[in-house]
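One-letter residues, chain by chain:
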Amino acid sequence: IWGDPLADPLVKTESPEKPATACETPKGSVTFPADWSLKTRLLFTSSQSFSWADHLKAQEEAQGLVMHCRATAVSLPHSIQEPKLSTELRCAFQQSLVHWVHPSFPWVQLFPRIGIDRKMVGKNSPWSHDESLQQVIMSEWALSFTSLYNLLKAKLCPYFYVCTYQFTVLFRAAGLAGSDVITAVMSPTTRGLREAMKNEGITFTQPLVEEDPSKKQKNSEANSQGDITPKKENGNTETDEVSDESDEDESFSWLEEMGVEDKIKKPDSISIKLRKEKNEVKLDHKPESVVLVKGTNTFTLLNFLINCKSIVAAAGPQAGLPPTLLSPVTFRGATMQTLKARSVNVKTQVRSGYKDQFSLEITGPIMPHSLHSLTMLLQSAQRGSFSAGFYSHDPTAVFNTPIHPQAAKEISADLQNCGLHPSTVEQLSQVNQLGKLSLRHLELSDYRYTWKS
């Protein structure tokens, strides 16, 4: 087990501009909240050298890959005196960099997919104008997607991402993020996409869309009186459709009391509908547009995405290119890839002169399990002290939105064969704490974490 065996409640360090709360402590915590956003870059800095991460031997690299494929859980000592001489550490480092991708075209950037059209201009894409080739590629992609979902359902894969050129979907196995059922979080979305999902019978919620308190009170009063209201597919009541209209009637009731109601033109039903649609469109492409799908509806979502033509660009640099599948474990049609690591030693100026400052940069599609694994390794290798800056893929920060009030029970036992270290599974099992934010900075001092989001 990495780190301090003592257990403290999680404590978050607020941003400097925010006042400290009574629950904060300068000691920090022995762990930090799970961050479900995808990262593009991590930058670790320390007073201890990162040279141990450079130039892995062929045997160490091979052993690290095998350890990943066999899901070997490594237990490093509390502190490693000579990290460069620790073969176990270097193998575990290689293991923590591995991830799986589909499709794989080495000359094409497959992550991130949102907002990279300029970087892809001029790249060779033989499938963009060949419909038969597109069909083959999409057929293989559908098999890989289905394979991942089946692994997820069997709890042999903890989670995976589907990255399209317009939105990203995070599928999580039952037991993660405090949910006892499979969940899928999609962001950003548009009104058209949400309507298409409803038409396919997919029940979903929008966790960040707050319900009007007055309507909530009315609904609770109606429920207490035993009123029975039919449900719609998306979980809302049918009366919600006319709620805007009834509110309009109530807002004009004072005109009737004054006897001037005939002189004021009330908005008709079409105007009310247009205004409602305008409010829905305002959410498009924003974090608040995130949708949550649970349970068996995630399978319906799988079929919807496989058959949805709009998830593939019809024109432009990404034309005909299927969404990128990212997973911490292997699946049908997957290609093994590793994150890129580079250490740098620099001199920084201080009052007394100069001192050595060491940094380790990790780049690539960095998933939550890699982030946690790397921090556990560095905790031992850097003797319990380092700083880290995180660079998130912004559209995925909202994946930290809480989806369940309480953590599921016996999660670790259920997910023991999912391919992740037990400590990582324990972290990812906790209820989301970051809201729609992501970690920006992490500090480890004397084996205690503090963080900013």
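What you see is a predicted model; the values in this text were computed from it and never measured.

Peer 1: Would you mind showing me how to read the overall build of the chain here?
Peer 2: Broken down by element type, the chain carries 13 helices and 14 strands. Pairs at least 24 apart in sequence give 77% of the contacts found in the chain among residues at least 6 apart. With the model as given, the accessible surface of the chain reaches about 23,300 Å², and the carbon-plus-sulfur share is 51%.

Peer 1: Just to check I follow, could you spell out the pattern of salt bridges for this structure?
Peer 2: Should their charged atoms come close, side chains of opposite charge can pair. The full count for this structure, using the stated rule, is 8 salt bridges. For Asp 35, the salt bridge is made with Lys 39, and the minimal N-O distance between the two is 2.6 Å. We classify Asp 35 as buried; its relative accessible area is 3%. Here Asp 414 ties to Lys 155 by a salt bridge, and the two come within 3.6 Å at their closest N and O atoms. On the criterion of sequence distance, the pair formed by Asp 414 in helix H12 (residues 411-414) and Lys 155 in the loop between helix H4 (131-153) and strand S3 (159-163) is long-range, its members being 259 residues apart. Among the ionic contacts, a cluster of salt bridges with common partners joins Arg 41, Arg 342 and Glu 361.

Peer 1: Where do I start with the pairing of strand S7 (residues 291-294) in this structure?
Peer 2: Both faces of the sheet carry side chains from a regular strand, because those side chains alternate between them. Relative to S7, strand S5 (residues 183-187) runs antiparallel, the two sharing 4 bridges. Along S7, the bridge assignment pairs Met 186 with Val 291. In terms of strand pairing, strand S6 (residues 204-205) meets S7 through 2 bridges, oriented antiparallel. Paired with Thr 205 across the two strands is Leu 292, which belongs to S7.

Peer 1: Whenever I open this one, the sheet that holds strand S4 (residues 168-172) confuses me. Can you help?
Peer 2: Whether parallel or antiparallel, the strands of a sheet pair through hydrogen bonds between backbone atoms. Taken in spatial order, the 8 strands line up as S6-S7-S5-S4-S3-S8-S2-S9 in an open sheet, and their pairing is antiparallel. Both outer strands of the open sheet, S6 and strand S9 (335-338), are each paired with one neighbouring strand and no more. Its contacts with the sheet put H4 on strand S2 (98-102), S3, S4 and strand S8 (324-327), and the angle it makes with S3 is roughly 155°.

Peer 1: I tried to follow the nonpolar core on my own but got confused; where do I start?
Peer 2: What tends to happen in soluble globular proteins is that the nonpolar side chains get buried as a cluster. Of all hydrophobic cores here, the largest spans 66 residues; its most connected members are Trp 36, Tyr 161, Phe 171, Met 197, Leu 301 and Leu 305. Top contributing element to this core by residue count: H4, with 6 residues. If we ignore the near neighbours within four places in the chain, the residues touching Tyr 161 are Trp 36, Leu 38, Thr 168, Val 169, Leu 170, Thr 324, Leu 325, Leu 326, Met 367, Pro 368 and Phe 399. Formed by 34 residues, the second largest nonpolar core is a distinct cluster that contains Phe 44, Trp 52, Ile 366 and Leu 377.

Peer 1: Would you mind showing me how to read the packing of aromatic side chains here?
Peer 2: The description of two aromatic rings rests on the distance between their centres and on the angle between their planes. Tallied over the entire structure, the rule returns 16 aromatic pairs. Where Phe 32 meets Tyr 449, the ring centres are 5.1 Å apart and the plane angle is 65°; that geometry is what we call edge-to-face. Of this pair, Phe 32 sits in the segment before strand S1 (39-46) while Tyr 449 is found in strand S14 (residues 448-452), placing the two residues 417 residues apart along the sequence. As far as the burial class goes, Phe 32 and Tyr 449 line up, both buried. Ring geometry for Trp 141 against Phe 145: centres 5.2 Å apart, planes inclined by 50°, an arrangement best described as tilted. Residue Trp 141 and its partner Phe 145 are both found in helix H4; the two are separated by 4 residues, about one turn of the helix.

Peer 1: What am I meant to see in the confidence of the model for the chain here?
Peer 2: Any residue range with low pLDDT should be treated as having predicted coordinates unsuitable for detailed reading. Averaged over every residue, the pLDDT of the chain is 81; the share at 70 or more is 75%. Mean pLDDT across the elements of the chain ranges from a minimum in helix H6 (residues 213-224), with 45, to a maximum in S8, with 98. Here residues 1-26 scores under 50 on pLDDT; set against residues more than four positions off or in separate chains, the count is 46 contacts. In the model, residues 212-248 has pLDDT below 50 throughout and makes 33 contacts with residues more than four positions away in sequence or in other chains.

Peer 1: Would you explain the pairing of S8 in this entry?
Peer 2: Burial along S8 is two-sided: Thr 324 and Leu 326 and Leu 325 and Ser 327, pointing in opposite directions, are all buried. When S3 meets S8, the two strands line up antiparallel, connected through 3 bridges. Bridge pairing in S8 links Cys 163 to Thr 324.

Peer 1: Would you mind showing me how to read the packing of H4 against helix H10 (residues 297-307) here?
Peer 2: Relative orientation and spacing of two packed helices are given, respectively, by the angle between their axes and the distance between those axes. For the pair H4 and H10, interaxial distance at closest approach is 11 Å and the crossing angle is 170°. In terms of their interaxial angle, H4 and H10 are classed as roughly antiparallel. On H10, the residues that touch Trp 141, Ala 142, Phe 145, Thr 146 and Tyr 149 of H4 are Thr 298, Phe 299, Leu 302, Leu 305 and Ile 306. Residues of the contact of H4 with H10, tallied by class, amount to 8 nonpolar, 2 polar and no charged.

Peer 1: How should the side chain of Ser 187 be read in this particular structure?
Peer 2: Tracing the backbone shows Ser 187 in strand S5. Among residues more than four places away in sequence, those in contact with Ser 187 are Phe 167, Thr 168, Val 290, Pro 395, Val 398 and Phe 399.

Cut-offs and rules
- Residues numbered from 1 in each chain as written.
- Predicted model: local features only at pLDDT ≥ 70, side-chain atom pairs only at ≥ 80, totals over all residues.
- Heavy atoms only, no water.
- Helix = DSSP H or I, 4+ residues; strand = E, 2+ residues; numbered from the N terminus.
- Contact = heavy atoms within 4.5 Å.
- Areas by Shrake-Rupley, 256 points an atom, 1.4 Å probe, with all protein chains shown as cover.
- Salt bridge = Lys/Arg side-chain N within 4 Å of Asp/Glu carboxyl O.
- Buried < 20%, exposed > 50% of the residue type's maximum accessible area, 1.4 Å probe, protein only.
- Pairing = 2+ DSSP bridges.
- Axes fitted to C-alpha atoms, helices over the stretch in contact; angles between N-to-C directions.
- Core = buried A, V, L, I, M, F, W, Y, C linked by side-chain atoms within 4.5 Å.
- Phe/Tyr/Trp six-rings, centres within 6.5 Å; stacked < 30°, edge-to-face > 60°.
- pLDDT = per-residue confidence, 0-100.
- Parallel < 35°, antiparallel > 145°, perpendicular 65-115°, else oblique.
- Nonpolar A, V, L, I, M, F, W, Y, C, P; charged D, E, K, R; others polar.

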